[in-house]
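Tertiary structure, described
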Amino acid sequence: MKMLLVRKFRVLILMVFLVACTMHIMIDLLPRLERRGPEGRPGCSCPPPAAAPPRAAAPRWPSKHTLRILQDFSAEPASNLSSQSREAAERAAGGGGGGAGGGGAAAAAGRARRLIGPGAPRPPPPAGNAAPLAALFQHPLYRAALPPLADGDLLFNVNSDIRFNPRAAEQPEWQNEDHHEEFLPTGETSVDSYPNWLKFHIGINRYELYSRHNPAIEALLQDLVSQKITSVAMKSGGTQLKLIMTFQNYGQALFKPMKQTREQETPPDFFYFSDYERHNAEIAAFHLDILDFRRVPPVAGRLVNMTREIRDVTRDKKLWRTFFISPANNICFYGECSYYCSTEHALCGKPDQIEGSLAAFLPDLSLAKRKTWRNPWRRSYHKRKKAEWEVDPDYCEEVKQTPPYDSGTRILDIMDMTVFDFLMGNMDRHHYETFEKFGNETFIIHLDNGRGFGKYSHDELSILVPLNQCCRIRKSTYLRLQLLAKEEYKLSLLMKESLLKDKIAPVLYQPHLEAMDRRLRIVLKAVSDCIEKDGYDNVVENDFNTDVNTVATER
């Protein structure tokens, strides 16, 4: 009798185990099964809304049972910021269905706060004899040549005979066998076969991420907005949601979704470390390389279909499970992160289109190691405590005695970064990175600029403390700042023209552009005060050769 009970118990345990395994397998297959409609064809398992236009039937979603599990009927207005932005875009484009007459269209045209809809025509560049950007790039300050590049000044020493093989992109090595000849079009060199993201990588050197007029950069920006997205995953780390998107040409980019409309400012009670990360700030930071730093990886804006280009291609189950439909019938998701990843702060489309920035990836760390440095003027990231530099006016003297700031150009790089951040209003520069191969004699990479352009009505003077304390600046930077303060090369006009090239233009609200002109004058006043106190030669570091310096100052 006892043996019989033991056998029954074993059979029961086995049956429970088999049922559990079956349930796990079904759960894993559920996302794929729910994407299939009747007769095995892709389709929506939900009944279409009455009198819906054909486009509304495109999004494909799980069964009603799954939607009820994912659904969260949040009434928080902030959970639909993207939808509000798309509504504003439609109103600005004049395509709203509200029966607007001639008077309503005229009123809409006069509104200052508006966005360009997906089908709206792009505003023309500023009128004049020549485009300001083209004239700027003809100026001697923007035509100075780099020092000759030795092998040690290049991030990668590329064998031009090796062809890029797409099938080997996931392997640690490139292939160069004869049977891959089909990937090399007739008449092209081997380098021509490289995708644009790879051309960007092999162009990195000791002095810059990319050259001024590298055609591969323009082509890469186009790839960021047009390449098919083949997979999506959440990026680990960080305080807010970011997605890693992989393209059909094996390139990758970091996607930051839209969280605020253009005209929204950071609330005055927000601490800098809890501020939103803005997608348009990432785009504008790349274009702010008008300062000729060329230290921000290429970034472009893109309108993404959340259903087809995120939910349907992701293998990240944690991300997939956060999708739901809002009470307004918009597709939403929130992912997982430290801040603002909840149904109350969900990212919602209109109905499933969402705006975002795509920043091209730098070379993989296994190929090009980067060193992370703590910013000497890092903030305390505390509600009450202050950092040492905020209470010690002589803090810079201590920094200048500490490697790598005691020699070379690193302290001048910090000053460049200070000016860059002040023009954007970015208070969140806690660390920075450099390429390890180049040692300490190289530029600082200006990564993660999402907390810039948060306030146009306030200039955060504490960002300028490094410049005020150290009173050092490159001559090239100083002359370019002076140039951009002139009426014919006005920074706000140049930025506006440059940003019009982006697919989601206008990228910045007009008051943000005007704020940059105001902040530029503040920077020049700070440098002028330093020169008056310490003398020109002690403040302005001459980084030009004689010929360029003479031409630039005479202009």
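The paragraphs below set out a description of the structure included in this document. Quantities reported herein were computed from a predicted structural model and do not represent experimental measurements.

In space, the five strands of this open sheet follow the order E1-E2-E3-E8-E4, with antiparallel pairing throughout. Here the strands that pair on one side only, and so sit at the sheet edges, are strand E1 (229-234) and strand E4 (299-305). Sheet twist, expressed as the mean angle between neighbouring strand axes with direction ignored, is 35°. As defined by bridge partners, E1 adjoins strand E2 (residues 243-247) across five bridges and the pair is classed as antiparallel. Its bridge partner lying in E2, isoleucine 229 is registered against phenylalanine 247. Set on the sheet, helix H7 (residues 215-226) makes contact with E2, strand E3 (252-257), E4 and strand E8 (353-360); between it and E4 the angle comes to about 15°.

This part is about the side chain of glutamate 309. Inspection of the secondary structure puts glutamate 309 in helix H9 (residues 307-311). The exposure class of glutamate 309 is buried, given its relative accessible area of 13%. Side chain to side chain, glutamate 309 and arginine 302 meet in a polar contact 3.1 Å long. Setting aside residues no more than four positions away along its own chain, glutamate 309 makes contact with Ile229, Val232, Arg302, Leu303 and Val304.

Here we come to the packing of helix H8 (residues 279-287) against helix H16 (residues 491-499). Contact geometry for H8 and H16: axes closest at 10 Å, N-to-C directions at 115°. With respect to H16, the element H8 is oriented roughly perpendicular. With respect to the hand of their crossing, H8 and H16 are arranged in right-handed fashion. On the side of H8, the interface is formed by Ile283, Ala284 and His287, while H16 contributes Met495, Ser498 and Leu499.

The full count for this structure, using the stated rule, is 13 aromatic pairs. Ring geometry for phenylalanine 293 versus phenylalanine 420: centroids 6.4 Å apart, planes at 65°, classification edge-to-face. With phenylalanine 293 in the loop between H8 and E4 and phenylalanine 420 in helix H13 (residues 410-424), this residue pair connects regions lying 127 residues apart in the sequence. For the pair phenylalanine 293 and phenylalanine 420, one class covers both residues: buried. Each ring, one from tryptophan 377 and one from tyrosine 395, has its centre 5.6 Å from the other, and the planes form 80°; the classification is edge-to-face. Remark: tyrosine 395 occurs in helix H12 (residues 395-399) and tryptophan 377 occurs in the loop between strand E9 (370-374) and helix H11 (388-391); sequence separation between them is 18 residues. Residues tryptophan 377 and tyrosine 395 agree in their burial class; the two are buried. Lying over the aromatic face of tryptophan 373, lysine 371 brings its terminal NZ or CZ to 4.4 Å of the ring centre.

Rules behind the numbers
- Residues numbered from 1 in each chain as written.
- Predicted model: local features only at pLDDT ≥ 70, side-chain atom pairs only at ≥ 80, totals over all residues.
- Heavy atoms only, no water.
- Pairing = 2+ DSSP bridges.
- Helix = DSSP H or I, 4+ residues; strand = E, 2+ residues; numbered from the N terminus.
- Axes fitted to C-alpha atoms, helices over the stretch in contact; angles between N-to-C directions.
- Contact = heavy atoms within 4.5 Å.
- Buried < 20%, exposed > 50% of the residue type's maximum accessible area, 1.4 Å probe, protein only.
- Polar contact = N/O pair within 3.5 Å; in protein donor to acceptor, adjacent residues only side chain to side chain.
- Parallel < 35°, antiparallel > 145°, perpendicular 65-115°, else oblique.
- Left-handed = near helix turned anticlockwise from the far one by under 90°.
- Phe/Tyr/Trp six-rings, centres within 6.5 Å; stacked < 30°, edge-to-face > 60°.
- Lys NZ or Arg CZ within 6 Å of the ring centre and 35° of its normal.

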